[in-house]
Structures are given as C-alpha cells and as structure tokens.
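One-letter residues, chain by chain:
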Amino acid sequence: MGAEVEAGRLIAQGTPRAVATAQVSPANQIEVPLFNPAAGYATYVLPAAFVLILQQTMMMGLALAATRRGPLPGHPVWRLLGRAGRGWPSGRGCCRSI
C-alpha cells in the first residue's frame, strides 16, 4: 500500500512510470511455497484434530456412564483402588471436609 502511494507521488511529480516503480521497489519478490503447495495445512492438522475430538468424546462418555451407574462394591476397578466394600473414603459421600 505504501509503495503504491509513493509510486503515485513520484509519477505525479513527472517521473516516468518505469523509473518510479524501480525506485519504490528495486527488487521483485517471487513467493514460492516450499512444502505442500497445493493443500495447505488442512490435510496435516484436521486428521489429528478429528482423532483427538473422538478420543475426548469417548472418554467423557465413559466417565458419564461410570458415574451414573455408581460404584459397584465388587467391581475390579474399586478392588484395584483399594476401596472394595468401603464406599467413599470419608463415609459421607463424595466430599471431604477439612
């Protein structure tokens, strides 16, 4: 934007167009993408994002299913955690008072 304004100012002062553009931009810039010029990052990022969303959704669903059912006294998970048959650690629900 600034180069166009500067070239316009030089042309208005009577400088030939070729000289004005050469003074404003002495070197032409050619942009060539180095990696994956056709597809961009969508083909790189989206598959991993979809897998992450699927994994998080499954984890939330399993957590909801486990909490709605409630702890089963003989379930292997509670035996693994050392809470078989005792219920919650404080004996008064899920919250401890300090």
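This is a predicted model, so every value here is computed, not measured.

1. A closer look at the packing of helix H1 (residues 2–12) against helix H2 (residues 17–24)
Then step 1. At a minimum axis distance of 9 Å, the contact between H1 and H2 shows a crossing angle of 145°. Pair H1 / H2 crosses with right-handed handedness. Residue-level contacts link Ala3, Glu6, Ala7, Leu10 and Ile11 of H1 to Arg17, Ala20, Gln23 and Val24 of H2.
Then step 2. Looking at side-chain class alone, the contact of H1 with H2 contains six nonpolar, one polar and two charged residues.

2. Structural notes on the pattern of salt bridges
Then step 1. Going through the model one piece at a time under the given rule, you end up with one salt bridge.
Then step 2. With its nearest N and O atoms 2.3 Å apart, the salt bridge here joins arginine 9 to glutamate 6. Of this pair, arginine 9 and glutamate 6 both sit in helix H1, three residues apart, which is roughly one turn of the helix.

3. Topic: a nonpolar patch on the surface
Then step 1. On the surface, Tyr41, Tyr44 and Val45 cluster together into a nonpolar patch covering about 420 Å² of accessible area.
Then step 2. Structurally, valine 45 can be placed in helix H3 (residues 42–69).
Then step 3. With a relative accessible area of 43%, valine 45 lands in the partly exposed category.

Each value, and the rule that gives it
- Residues numbered from 1 in each chain as written.
- Predicted model: local features only at pLDDT ≥ 70, side-chain atom pairs only at ≥ 80, totals over all residues.
- Heavy atoms only, no water.
- Axes fitted to C-alpha atoms, helices over the stretch in contact; angles between N-to-C directions.
- Helix = DSSP H or I, 4+ residues; strand = E, 2+ residues; numbered from the N terminus.
- Left-handed = near helix turned anticlockwise from the far one by under 90°.
- Contact = heavy atoms within 4.5 Å.
- Nonpolar A, V, L, I, M, F, W, Y, C, P; charged D, E, K, R; others polar.
- Salt bridge = Lys/Arg side-chain N within 4 Å of Asp/Glu carboxyl O.
- Patch = residues over 30% accessible without salt bridge, like charges linked within 9 Å, V, L, I, M, F, W, Y side chains within 5 Å.
- Areas by Shrake-Rupley, 256 points an atom, 1.4 Å probe, with all protein chains shown as cover.
- Buried < 20%, exposed > 50% of the residue type's maximum accessible area, 1.4 Å probe, protein only.

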